[in-house]
Amino acid sequence: MKRIDKDFEMLSSYLDGELSPDDVKKIEEKISYTIELRNKLNELKKLKELTKTSIKRLPESPYFETRLFAYLEEKPYRYKIKKWFPVIGVTVLTITIMFFLKFNPGFIEEIFEEQKSNLAGFYKENLKPLLFAADLSNEDIFNFAFYNQLPLNESKSQIIQLGSDPSGNEYFEIKTVSLNTGENNFEKFIETLDLSDKQLVQYDSIMNSYAEALQSQILINDKNTVAISPKLWNYQKAIVADILSFAKSSNEKVFADVMPVLYKVQSPVVEQIVHAVKSSKDNDYIFLTPDSLFIESFEFDADEFNKEMEIARKEMKQGLEEMKKNHKEMRESDIIRFKLDSALINLKKVTHADNNIGIYSDSNICRVHIDKIEIPNIELPDMDDLNEIINEATKQIKSFSFTFPKLDKRIHKYDYKIRIDDSSSTYNYNFDVEIPNVDSIIENEMKNLENFNLPHGKAGWNGVIPNDSLIEWFNFFKNDDSTYVGNPKQFEFKMKEFEEQMQKFKEEMEKLKKEIRKDTVKVKQKKPVEI
Amino acid sequence: MSFKRKNKVLQPQPRILEINDDFSLIKRFIEGDESTFKTLVHRHKEKVRNIIYLTISSPEEVDDIAQEVFITVYKNLKSFRFESQFTTWLYRITVNKCKDHLRKMKTRSIFVPVKETEDHGYNHLTEDMDVPAIVQKAISKLPEKLRTPLLLKDIEGFSYQEIADTIQCEVGTVKSRIFRAREGLRNILKPYEGELKA
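Being a predicted model, the structure only gives us computed values, none of them experimental. (Residues numbered from 1 in each chain as written. Chains lettered and ligands numbered in written order. Predicted model: local features only at pLDDT ≥ 70, side-chain atom pairs only at ≥ 80, totals over all residues. Heavy atoms only, no water.)

## Remarks on the overall build of chain B
Regarding its fold elements, chain B presents 10 helices and 0 strands. Along its sequence from the N terminus, chain B presents helices and strands in the succession α-α-α-α-α-α-α-α-α-α. Out of the 198 residues in chain B, the part that is buried amounts to 41%. Within chain B, contacts between residues at least 6 apart in sequence are counted, and of these 63% link residues at least 24 apart. In the form shown here, chain B has an accessible surface area of approximately 11800 Å², with 51% of it arising from carbon and sulfur atoms. (Helix = DSSP H or I, 4+ residues; strand = E, 2+ residues; numbered from the N terminus. Buried < 20%, exposed > 50% of the residue type's maximum accessible area, 1.4 Å probe, protein only. Contact = heavy atoms within 4.5 Å. Areas by Shrake-Rupley, 256 points an atom, 1.4 Å probe, with all protein chains shown as cover.)

## Concerning the interface of chain B and chain A
Contact with chain B, which involves 43 residues of that partner, is made by 34 residues of chain A. The contact between chain B and chain A buries some 3800 Å² in all, and 62% of this surface belongs to carbon and sulfur atoms. At the junction of chain B and chain A, the tally comes to 8 salt bridges. With its nearest N and O atoms 2.7 Å apart, the salt bridge here joins Arg182(B) to Asp16(A). Put simply, chain B and chain A have 17 residue pairs in polar contact (both at pLDDT 80 or more) between them. When contributions to the side of chain B that touches chain A are tallied by element, the ones reaching two or more residues are α3 (36-56), α4 (62-76), α6 (131-140), α7 (144-154), α9 (171-189) and α10 (193-197) of chain B. Sort the elements by how many residues they give to the side of chain B that touches chain A and α3(B) lands first, with 10 residues. By residue class, the composition of the side of chain B that touches chain A is 22 nonpolar, 6 polar and 15 charged. (Buried area = accessible area lost by both parts, 1.4 Å probe. Salt bridge = Lys/Arg side-chain N within 4 Å of Asp/Glu carboxyl O. Polar contact = N/O pair within 3.5 Å; in protein donor to acceptor, adjacent residues only side chain to side chain. Nonpolar A, V, L, I, M, F, W, Y, C, P; charged D, E, K, R; others polar.)

## Remarks on the side chain of Gln67(B)
Tracing the chain through its elements places Gln67(B) in helix α4. Residue class for Gln67(B) comes out buried when judged on its relative accessible area of 9%. Polar side-chain contacts of Gln67(B) include one of 3.3 Å to the side chain of Arg67(A). Excluding residues that lie within four positions of it along the chain, Gln67(B) makes contacts with Phe64(A), Arg67(A), Leu68(A) and Tyr71(A).

## Looking at the environment of Thr289(A)
Relative to the elements of secondary structure, Thr289(A) occurs in the loop between β7 (284-288) and β8 (293-297). Along the chain, Thr289(A) and Asn221(A) lie 68 residues apart, while their C-alpha atoms are 9.8 Å from each other.

## As for the confidence of the model for chain A
For any part of a model where pLDDT is low, the fine detail of the predicted coordinates should not be relied upon. Per-chain confidence: chain A averages 71 in pLDDT, with 58% of residues scoring 70 or above. Across residues 454-485 of chain A, confidence stays below pLDDT 50; counting only partners more than four residues off in sequence or on other chains, it has 31 contacts. (pLDDT = per-residue confidence, 0-100.)

## Side note on the packing of aromatic side chains
With the rule as written, the count across this model stands at 20 aromatic pairs over all chains. Aromatic pair Phe37(B) and Tyr74(B): ring centres 5.2 Å apart, planes at 65°, arrangement edge-to-face. Here Phe37(B), found in helix α3, pairs with Tyr74(B), found in helix α4; they are 37 residues apart in sequence, far enough to count as distant. Ring pairs connect the aromatic residues Phe142(A), Phe146(A), Phe186(A), Phe189(A), Tyr203(A) and Phe246(A), which therefore count as one cluster. Lying over the aromatic face of Phe69(A), Lys38(B) brings its terminal NZ or CZ to 5.5 Å of the ring centre. The ring of Phe29(B) has Lys78(B) lying over it, and the distance from NZ or CZ to the ring centre is 5.8 Å. (Phe/Tyr/Trp six-rings, centres within 6.5 Å; stacked < 30°, edge-to-face > 60°. Lys NZ or Arg CZ within 6 Å of the ring centre and 35° of its normal.)

## What to know about the packing of helix α2 (residues 21-33) of chain A against helix α3 (residues 35-54) of chain A
Residues and elements named next belong to chain A. The interhelical angle for the contact between α2 and α3, taken along N-to-C directions, is 110°, at an axis separation of 5 Å. Between α2 and α3, the interaxial angle falls into the category roughly perpendicular. Along the contact surface, α2 presents Lys30, Ile31, Ser32 and Tyr33, while α3 presents Ile35, Leu37, Arg38 and Leu41. For the contact of α2 with α3, the class distribution of residues is 5 nonpolar, 1 polar and 2 charged. (Axes fitted to C-alpha atoms, helices over the stretch in contact; angles between N-to-C directions. Parallel < 35°, antiparallel > 145°, perpendicular 65-115°, else oblique.)

## Some words on the sheet that holds strand β1 (residues 128-129) of chain A
Residue and element names in this part refer to chain A. One open sheet holds the 5 strands; their spatial order is β1-β5-β6-β7-β8, and the pairing between them is antiparallel. With partners counted over all chains shown, the strands left at the sheet margins are β1 and β8, one partner each. Here strand β5 (residues 218-220) runs beside strand β6 (residues 226-228); their pairing, made up of 3 bridges, is antiparallel. Across the sheet, residue Ile218 finds its bridge partner in β6, namely Ile228. Against the sheet, helix α6 (residues 107-124) contacts β7 and β8, and its axis sits at roughly 85° relative to β8. (Pairing = 2+ DSSP bridges.)

As structure tokens, this is what we get:
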């Protein structure tokens, strides 16, 4: 600050009487000899006077106190209440919520439902069939009908299995194992029924219709959501009924032989079943997502999807390589495979309270129990009847038992036991069988071969075959060629052939023996090697 | 006998002082005698109202702000610590309330369109105004931090120390601000020297 400004400021304080006595002396001394300071002091005095005279004091307010105290008396509790605002607020809010919930009990549920539907909406996006109709062969559909298994990928390393637990509750499993349905079941079925070409075409068309239908039953999207329609169970039953009905109508005789119990399946009943399944408008799906399991209605537009696929196929047919590539890419991007990942494994603790869905999973299998889901029950001929017939037929076999002793080189006599249990009694048969020493037999036979002379006229072991009762026994023996060798003349002829072959064999053995001897002599003549 | 009586020398009676200073009233208030608050209000209300008036230059809002001041005093009086004069505490609350009010007005003015007729400086002081009006208008043009110390000094007669306690700053700052306020006022009034001399 400039010195002159400093002095001016002191003048201001001097005017206000705020200077110390020393400063007063100093500034008064300066004022006495500096005209500039005197002028400034006058100016400041004037300004101070102007300020004082210009500003009027506010007139008294007669009502101020009345108003203030009225306010304080009226609202003293305001300030006390403020302290309790949080407690009062919480209490009032709680009571309000309690009353609200008392009269709107469904409110919370509505919120949950809304959240659930939002979540469901998220998982419902972009759902596409897991199974492409084009990828499902007749064999796959046949196996699905009779073994409840459907492959979920081209390599057939992941499958979906439908089943029911001992208490009769349905479940489905998605597991990474290969199909255990055996091979070429469908071909065997066709062969057994001996279908004509026309019937084959007819069968193909039935299976194709199911392939289309099955396509809509299992859907999946890029969020690893799998949606399974409960109708899948009924489709399985419908396919069984349809196949059996078709088999019966195409080759009634074979069908009656193979499946006598199911022979009674009536075609009109099958038609009713198939119609009931196909026309069902139940759009519920079981959604298995990485973090939840729920049942929601979902409408899969199969026609729209097929149109898209048809367009893609047409583009492919246009023959452009690029288009083919695009289609392949599109197809690959369309095909989403279900992953049994850790998120799903975490779901195993989740049980769906509303629907009694239970899930059990590890890295290879995911089983979903759907205890209380309504799967419309379709009556099928009971396969268990067939099992009963098989059981009855094999009853006799079951009652047959036998025991063989352990073979021991040192023991030449064994005790074989056969036991047959009839419904009324039990038969035991013991056979003492003397087993010759095999080594000694071979040795003896080699010696016999050396002395073997072919007899003329009569055939027999060691040159003589006695024409006794054993020959008669052969009359009842049926060999593998289904030709009876009961005729003695024919038998004699066969034995003659055998003797000739034995003669040839003997000669060859002699020859071999001589050669071996020669080699042995040669070895003996060798000189020892000097070391 | 009666003469004697007349000439009897009257002994000075011990003076019973009614302890009615601010501290005593506050103590009684703390002890539960809330009626003493009325005395405090009655004693200081005009000073408070004038400080508000001088600070915000808006008479119609003075009583509302003054009421807020005394409500705050009423709520906090029981925690008064007797470390400073009651008036210092009271005026500090008053000045702070005025500052709050001015801050609110400033914020509000951001959202209100500026009137075309509004004055934008001392040059817009109208010529037909009388001297007090011109000076009042000029003072209102001063920044609040200069205006308040100047008015507390020249109108209310506060000492520099009292002003420093009220606006919570150093005495040197008060000294400087009052001088700067006067310099500012001089500059604003310069074009009206003629009117002011007359």
